[in-house]
Amino acid sequence: MPNSACDVVVIGAGFAGVTAARDLTLEGHSVILLEGRDRVGGRTFTSEVFGRQMEFGGTYVHWTQPNVWRELQRHHIPLSLPLGIERVYWLADGMVHSGSQIEYDSAVSPLVARFFADARTRFPLPVDLSAVDNTAIEKETLGGRLDSLNLSAYDRDLLDGALSTLVHSYSEQGVAQMLLWAATAFGDWGAFLETAGFWPIKGGTKRLIDAILGESKADLRLSTPVSAIEDDGSSVVVTTRSGERIRARSAVVALPLNTLGDVAITPDVAQPVRTMIDHKHPMKTAKIWARVRGEIEPFCAFAPVGKNPVNTARVEHRHEDDTLVVCFASDASAIDAEDREGVQAALRTFVPDIDVLETAGHDWVGDDFSQGTWAHHRPGNLTQAAPQMREPHGRIHFAGGDIAPLGVGGIEGAMESGAGAARNIAAALADGRH
Ligand SMILES: Cc1cc2nc3c(=O)[nH]c(=O)nc-3n(C[C@H](O)[C@H](O)[C@H](O)COP(=O)(O)OP(=O)(O)OC[C@H]3O[C@@H](n4cnc5c(N)ncnc54)[C@H](O)[C@@H]3O)c2cc1C
């Protein structure tokens, strides 16, 4: 016998699950929201370090993201102004080069333009991934695209470094997702990067998710990991790892793609979706904060994947006469966020006299409840398995930034897909399909 019952059980309290739970309760449905961790937010995580609040996971949003922007306005939450960058360093062909932002942009922009030249023809209508035949582009990896440009060693490293923030593995990531991202910003990769990587939320992502959760009447149960979900044809039964059973008319499964293999789903999902779950997405990157001595010149730095443990670094905040630098590592296993000297050595590749005082980060790859960072689809999955997974699987509706249509890989996508799942379920509950 189930221990409790409701209209909808939502599993996972990241932005997707919290948005779905809020929307469904505002429609008058009873919702139980199950979360494995002892906090909400998932791969966004605002926490205390260096004596101030910092973001360990997803951070940057933008006014061009409709779901995010609507919520920010609804809750009167502004964005923060990022620090202006005065110097750029880039590692290319074995040497570190430096210049102004304008000098760097003029060197890298023609290469970026070549990489993304077909973004708008591949995705002329980014809201409809089937608008054109994507079969060919869905076979191409990021590495295949890079090779096809036949660049000099210097230009290749320059371009590789510019992309590296969003790369773990050139051979495993499909080029289609990057082309789609560029297409959503009118084919302009620089514009996409600005929407994806510059503007933090004042008060942090926690402020936003708490505001959305505050509007929800869902029964939130933290520290309640789920082990099984079964649609028996007339209802859904969710079993937690501690053996509790919850019956509902339908379920939103808003879990990271890379954790879904740990949850028994009955009946099983279609084969392409099962393969995508089993193979996981390849993003095993790291985000590390470094507190460095003094108010140093605001810089950002880029290194090609595999050629420095820190691939992107950027001065982000001033703090108590020191400077806080955000670092992204393409390969989380190449650097330890707790290793101050290791992070300092990686930053000294670019700025030889930088003095790292403290470091901090969260191990998203080793974390049981994420098993990776943001999603980047393997070739084929963006336009095939992911859309299939967005279709209702009986009474089970999958959601999450990892399988989102337009905002794939980010907070916007999580909200977009959580809201979409809630709409589909509300319609099915209203007309008696669930
Ligand atoms: C380091 C890093 C930097 C990023 N930077 C950005 C950025 O700047 N901008 C941006 O837009 N995006 C960014 N992202 C991506 C963004 O954070 C995610 O795409 C988004 O938060 C995903 O939301 P979600 O709700 O789909 O999944 P999640 O936030 O992962 O939520 C899923 C929830 O499910 C829970 N869970 C897992 N397994 C179980 C289980 N068995 N039972 C119950 N609960 C379970 C998890 O604990 C989690 O709370 C970043 C991600 C990382 C890791």
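Residues numbered from 1 in each chain as written. Predicted model: local features only at pLDDT ≥ 70, side-chain atom pairs only at ≥ 80, totals over all residues.

Asks: An account of the overall build of the protein chain is requested, with residue identities and associated values reported.
Replies: The secondary structure content of the protein chain amounts to 13 helices and 19 strands. Whereas a compact globule of 434 residues would reach a radius of gyration of roughly 22 Å, the protein chain reaches 22 Å, a difference of no more than 12%. With 434 residues in all, the protein chain has 52% of them scored as buried. (Helix = DSSP H or I, 4+ residues; strand = E, 2+ residues; numbered from the N terminus. Rg over C-alpha atoms; globule rule 2.2 N^0.38 Å. Buried ≥ 20, exposed ≤ 12 C-beta atoms within 10 Å, placed from the backbone.)

Asks: Give me the lowdown on the domain arrangement of the protein chain, citing residues and values where you can.
Replies: Per the domain assignment, the segments making up the protein chain are domain 1 (4-43 + 203-281 + 372-430) and domain 2 (83-197 + 285-364). Computed from C-alpha atoms alone, the centre-to-centre distance between domain 1 and domain 2 is 30 Å. With 16 residues of domain 1 at the contact, the number on the domain 2 side is 18 residues. Class assignment for the residues of the side of domain 1 that touches domain 2 results in 6 nonpolar, 8 polar and 2 charged. (Domains from an automatic or database assignment. Contact = placed C-beta atoms within 7 Å. Nonpolar A, V, L, I, M, F, W, Y, C, P; charged D, E, K, R; others polar.)

Asks: Tell me about the site of the ligand, and please be specific about residues and values.
Replies: Around the ligand, 41 residues are found, and the nearest of them are Gly 12, Gly 14, Gly 42, Gly 58 and Gly 410. Considered class by class, the residues forming the shell around the ligand number 18 nonpolar, 17 polar and 6 charged. Mapping the shell around the ligand onto the domain boundaries places at least three of its residues in each of domain 1 (4-43 + 203-281 + 372-430) and domain 2 (83-197 + 285-364). (Near = placed C-beta within 6 Å.)

Asks: Tell me about helix H13 (residues 411-430), residues and numbers included.
Replies: The first and last C-alpha atoms of H13 sit 28 Å apart over 20 residues, in line with the 28 Å expected at 1.5 Å per residue. In terms of residue burial, H13 counts as a mostly covered element, since 14 of its 20 residues are buried. Gly 432, located one to two residues past H13, shows a positive phi value of around 80°. (Expected span 1.5 Å × (residues − 1).)

Asks: Run through the pairing of strand S15 (residues 299-302), naming residues and quoting values.
Replies: It is a general feature of regular strands that their side chains alternate between the two faces of the sheet. Residues Phe 299 and Ala 301 line one face of S15 and the alternating positions Cys 300 and Phe 302 line the opposite face, and both faces are buried. When strand S6 (residues 87-92) meets S15, the two strands line up parallel, connected through 4 bridges. Bridge pairing links Arg 87 to Phe 299 in S15. Of the pairings in the sheet, the one linking S15 to strand S16 (residues 312-319) comprises 3 bridges and is antiparallel in character. Note that in S16 the partner of Phe 302 across the bridge is Thr 312. (Pairing = 2+ DSSP bridges.)

Asks: Outline the sheet that holds strand S14 (residues 286-292), listing residues and values.
Replies: Strand order in the open sheet made by the 7 strands is S7-S6-S15-S16-S17-S14-S18, with mixed pairing throughout. On the outer flanks of this sheet lie strand S7 (95-99) and strand S18 (356-361), each paired with one strand and no other. Between one strand axis and the next, the sheet turns through 20° on average, direction left out of account. As defined by bridge partners, S6 adjoins S7 across 5 bridges and the pair is classed as antiparallel. Across the sheet, residue Trp 90 finds its bridge partner in S7, namely His 97. Packed on one face of the sheet, helix H6 (residues 153-163) meets S6 and S15 and runs near 125° to S6. Contacts between helix H11 (residues 340-348) and the sheet are confined to S14, S16, strand S17 (322-329) and S18, with S18 contributing the most and set at about 105° to the helix. (Axes fitted to C-alpha atoms, helices over the stretch in contact; angles between N-to-C directions.)

Asks: Please set out the packing of helix H1 (residues 15-26) against helix H9 (residues 204-214) residue by residue, giving values where relevant.
Replies: Two elements in contact, H1 and H9, have axes whose closest approach is 9 Å; the angle formed by their N-to-C orientations is 25°. Relative to H9, the element H1 lies roughly parallel. Pair H1 / H9 crosses with left-handed handedness. Taking contact as the criterion, the partners of Phe 15, Val 18, Thr 19 and Arg 22 in H1 are, on H9, Ile 209, Ile 212 and Leu 213. Of the residues belonging to the contact of H1 with H9, the class tally is 5 nonpolar, 1 polar and 1 charged. (Parallel < 35°, antiparallel > 145°, perpendicular 65-115°, else oblique. Left-handed = near helix turned anticlockwise from the far one by under 90°.)

Asks: Tell me about the environment of Phe 302, and please be specific about residues and values.
Replies: Within the element layout of this structure, Phe 302 appears in strand S15. Taking C-alpha positions, Phe 302 is 20 Å from Thr 59, a pair spaced 243 residues apart along the chain. The residues touching Phe 302, leaving out its near neighbours within four places in the chain, are Trp 90, Gly 161, Ala 162, Ser 164, Asn 311 and Thr 312.

Asks: Got a sec to walk through the nonpolar core? Specific residues and values, please.
Replies: With 130 residues, the main nonpolar core has Val 9, Val 10, Ile 11, Leu 179, Ala 251, Val 252 and Leu 347 as its most contacted residues. With 8 residues, helix H7 (residues 175-184) is the largest single contributor of residues to this core. Counting contributing residues, this core receives three or more from each of domain 1 (4-43 + 203-281 + 372-430) and domain 2 (83-197 + 285-364). (Core = buried A, V, L, I, M, F, W, Y, C linked by C-beta atoms within 7 Å.)

Asks: How would you sum up H1? Please name residues and give values.
Replies: The end-to-end C-alpha separation of H1 is 16 Å, in line with the 16 Å expected for 12 residues at 1.5 Å each. Of all 12 residues that make up H1, 11 are buried, and the element is covered over most of its length. Those residues of H1 not exposed but buried are Phe 15, Ala 16, Gly 17, Val 18, Thr 19, Ala 20, Ala 21, Arg 22, Asp 23, Leu 24 and Thr 25. If you follow the buried residues of H1, they end up packed against strand S1 (4-11), strand S2 (31-34), H9, strand S12 (245-253) and H13.

Asks: Which residues make up the packing of helix H3 (residues 101-115) against H6, and what values do they have?
Replies: It is at 9 Å that the axes of H3 and H6 come closest, and there the two elements cross at 80°. Relative to H6, H3 is oriented roughly perpendicular. Listed contacts from H6 to Ala 107, Val 108, Leu 111, Val 112 and Phe 115 of H3 are Asp 155, Leu 158, Leu 159 and Ala 162.

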